[in-house]
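# Chain and residue survey
Below are the chains, spelled out letter by letter.
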Amino acid sequence: MRRLELVGWIAVAVVLSALAIPWFLWGDATVVVGLPVWLWWHIGWMGLASVVFYLFTRRAWGIGIETEPEGDSSRGGTSNGNGGTNRSARSATNGDRP
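A brief structural summary. (Residues numbered from 1 in each chain as written. Predicted model: local features only at pLDDT ≥ 70, side-chain atom pairs only at ≥ 80, totals over all residues. Heavy atoms only, no water.)

Right, let's get into the environment of Leu 55. Within the fold, Leu 55 resides in helix α2 (residues 37-59). The class of Leu 55 is partly exposed, set by a relative accessible area of 45%. Look past the residues within four positions of Leu 55 in its chain and what remains in contact with it is Trp 9 and Ala 60. (Helix = DSSP H or I, 4+ residues; strand = E, 2+ residues; numbered from the N terminus. Buried < 20%, exposed > 50% of the residue type's maximum accessible area, 1.4 Å probe, protein only. Contact = heavy atoms within 4.5 Å.)

Our focus in this paragraph is a nonpolar patch on the surface. Nonpolar side chains collect at one region of the surface, where Val 32, Val 33, Trp 40 and Ile 43 lie side by side and expose about 380 Å² of accessible area between them. Relative accessible area serves as the criterion here: at 36%, Trp 40 is assigned to the partly exposed category. (Patch = residues over 30% accessible without salt bridge, like charges linked within 9 Å, V, L, I, M, F, W, Y side chains within 5 Å. Areas by Shrake-Rupley, 256 points an atom, 1.4 Å probe, with all protein chains shown as cover. Salt bridge = Lys/Arg side-chain N within 4 Å of Asp/Glu carboxyl O.)

The phi dihedral of Val 33 is positive, around 50°, even though this residue is not glycine. Tracing the sequence through the fold places Val 33 in the loop between β1 (31-32) and β2 (35-36). For Val 33, a relative accessible area of 73% puts it in the exposed group.

What follows deals with helix α1 (residues 2-18). If you check α1, its first and last C-alpha atoms are 24 Å apart, about what 17 residues at 1.5 Å a residue would give, namely 24 Å. For α1, the complete set of buried residues consists of Glu 5, Trp 9 and Leu 16. The arc that holds every buried residue of α1, seen down its axis, measures 35°, which confines them to one face. Along α1, exposed side chains directed more than 90 degrees from the buried face belong to Arg 3, Leu 4, Val 14 and Ser 17. Packed against the buried residues of α1 are α2. (Expected span 1.5 Å × (residues − 1). Arc of directions from axis to C-beta.)

Remember, this is a structural readout, not a statement about activity or role.
This is the structure in structure tokens:
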């Protein structure tokens with residue numbers, strides 16, 4: 001399930017990136033309300049991208065990076081008895097070794 005969600009978010013990111021610059025409107029001199037159509041496209045597309053990014057941060061932040069703990073897929077992240085965080089054991093022993 002998480003892999004399918006990851007693939008979906010990757011596809012959304014690729015489409016948002018590919019259509020952020022309106023290649024298909026280059027050379028079109030149409031003006032609407034004083035601005036070229038390609039600029040209106042870009043403004044609207046960036047608005048859509050910001051809404052999608054907001055949804056991504058609320059629903060899937062860390063997907064593909066964080067691992068799920070064994071036996072508990074509802075928490076997201078690994079707990080090692082260190083306050084529920086995903087810190088390594090070395091942080092509990094005074095930091096990194098030289």
